[in-house]
Amino acid sequence: MTRRNFWKYLTRAHRWAGLILGAQILLWFASGFFMSFFDIDTVRGRHIAEKTNWSLSSEGIIPLEIAMTLYEGELLGATLISVAGDPAYALIGDNGTQLINARNGAAWAPVSEATVRRAAQHYYKGESKLSHIQKLDTAPIEYRGTLPVWQVEFEDRDRTRLYLSADTAELKAVRTRLWRVFDFMWMLHIMDYKSRDNINTWWLKLFSGAALLFALSGIALVMHRTWLIPKRKAHSGTV
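Residues numbered from 1 in each chain as written. Predicted model: local features only at pLDDT ≥ 70, side-chain atom pairs only at ≥ 80, totals over all residues. Heavy atoms only, no water.

Student: How should I be thinking about helix H4 (residues 113-123) in this particular structure?
Tutor: Every α-helix carries 3.6 residues per turn, so stepping three or four residues along brings you back to the same face. Every buried residue of H4 is listed here: Thr115, Val116, Ala119, Ala120 and Tyr123. Each buried residue of H4 sits inside an arc of 135° when the element is viewed along its axis, so together they form one side. The secondary structure elements touched by the buried residues of H4 are strand S4 (130-136), strand S5 (149-154), strand S6 (161-165) and strand S7 (171-175). (Buried < 20%, exposed > 50% of the residue type's maximum accessible area, 1.4 Å probe, protein only. Helix = DSSP H or I, 4+ residues; strand = E, 2+ residues; numbered from the N terminus. Arc of directions from axis to C-beta. Contact = heavy atoms within 4.5 Å.)

Student: Teacher, can you tell me more about the pattern of salt bridges here?
Tutor: As a working rule, side chains carrying opposite charge can pair if their charged atoms are close by. Taken as a whole and judged by the stated rule, the model has eleven salt bridges. Ionic pairing is found between Arg161 and Glu153, a salt bridge with its closest N-O pair at 3.5 Å. The partly exposed category is assigned to Arg161, whose relative accessible area is 22%. Across the pair Arg196 and Asp183 runs a salt bridge, and its minimum N-O distance is 2.9 Å. One end of the pair, Arg196, is in the loop between helix H5 (177-190) and helix H6 (202-236); the other, Asp183, is in helix H5, and 13 residues separate them in sequence. Each member of the pair Arg196 and Asp183 is classed as buried. In this structure, a network of salt bridges that share partners links the residues Glu142, Glu153, Arg161 and Arg180. (Salt bridge = Lys/Arg side-chain N within 4 Å of Asp/Glu carboxyl O.)

Student: What is the right way to read the sheet that holds S7 from this model?
Tutor: Paired through their backbone hydrogen bonds, the strands of a sheet run either parallel or antiparallel. The strand order across the open sheet formed by four strands is S4-S5-S6-S7, and the pairing between neighbours is antiparallel. Bordering the open sheet on either side are S4 and S7, each of which pairs with just one other strand. Adjacent strand axes in the sheet meet at a mean angle of 20°, parallel and antiparallel pairs treated alike. The pairing of S5 with S6 spans five bridges and is classified as antiparallel. (Pairing = 2+ DSSP bridges. Axes fitted to C-alpha atoms, helices over the stretch in contact; angles between N-to-C directions.)

Student: How should unusual backbone geometry be read in this particular structure?
Tutor: Most peptide bonds take the trans configuration, and most residues that are not glycine carry a negative phi. Of note, the amide linkage connecting Leu147 to Pro148 takes the cis form, showing an omega dihedral of -5°. As for its position among the elements, Pro148 is in the loop between S4 and S5. In this model, Ala169 sits at a positive phi of 60°, which is unusual for a non-glycine residue. Counting through the fold element by element, Ala169 comes out in the loop between S6 and S7. For Ala169, a relative accessible area of 0% puts it in the buried group. A positive phi is found at Met191, a non-glycine position, where the angle reads about 60°. Here Met191 shows up in the loop between H5 and H6. Met191 sits in the buried class, given a relative accessible area of 3%.

In structure tokens:
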């Protein structure tokens, strides 16, 4: 291949690459521009709901030493926690974490809907009413935590949804209208159209590499047309 043909084919490849990459580059710029306007705490909904501590009294609970003997396996640690205001022992060992009712030593039952409702209203900072509550065994796209989980919706402009643990009523996630739009933009930005949390997708690697080659070829073409071609013409015109 001659040098002239090389630059000819490079120009052609650069143009086609520009057409193919243009749409994705535009999405990268647009999504990045949108996300730069919002504080991450606002996106996560901490202005509308936040995990807060419950008051906990040790009155009427069984001693920790007794609770520790109830663990099925090798115990590594134990702590007293509050489950929506009710005391429980979290026993941690080689069989995972087991919850024990701190009042009677019984295995901790999954929290009831009434407890979840009380916990959600405790975490929620707004003034809107709770509109819907349900226990989910299959996670929607906006929730990526452990299952099962309680989903609690409120009647506010942000279309707030809280996700609470089915075991402890602990606040796991806050989702608002802004979070959903931000998450969609994040999906476009990292090109993970399934889980939306993988920044190492092949799509992203492919288009990022192609965009880099597009930029490098553009620089090479600019240098070729700006310096090399004029020098050749000047050299050929001399006697």
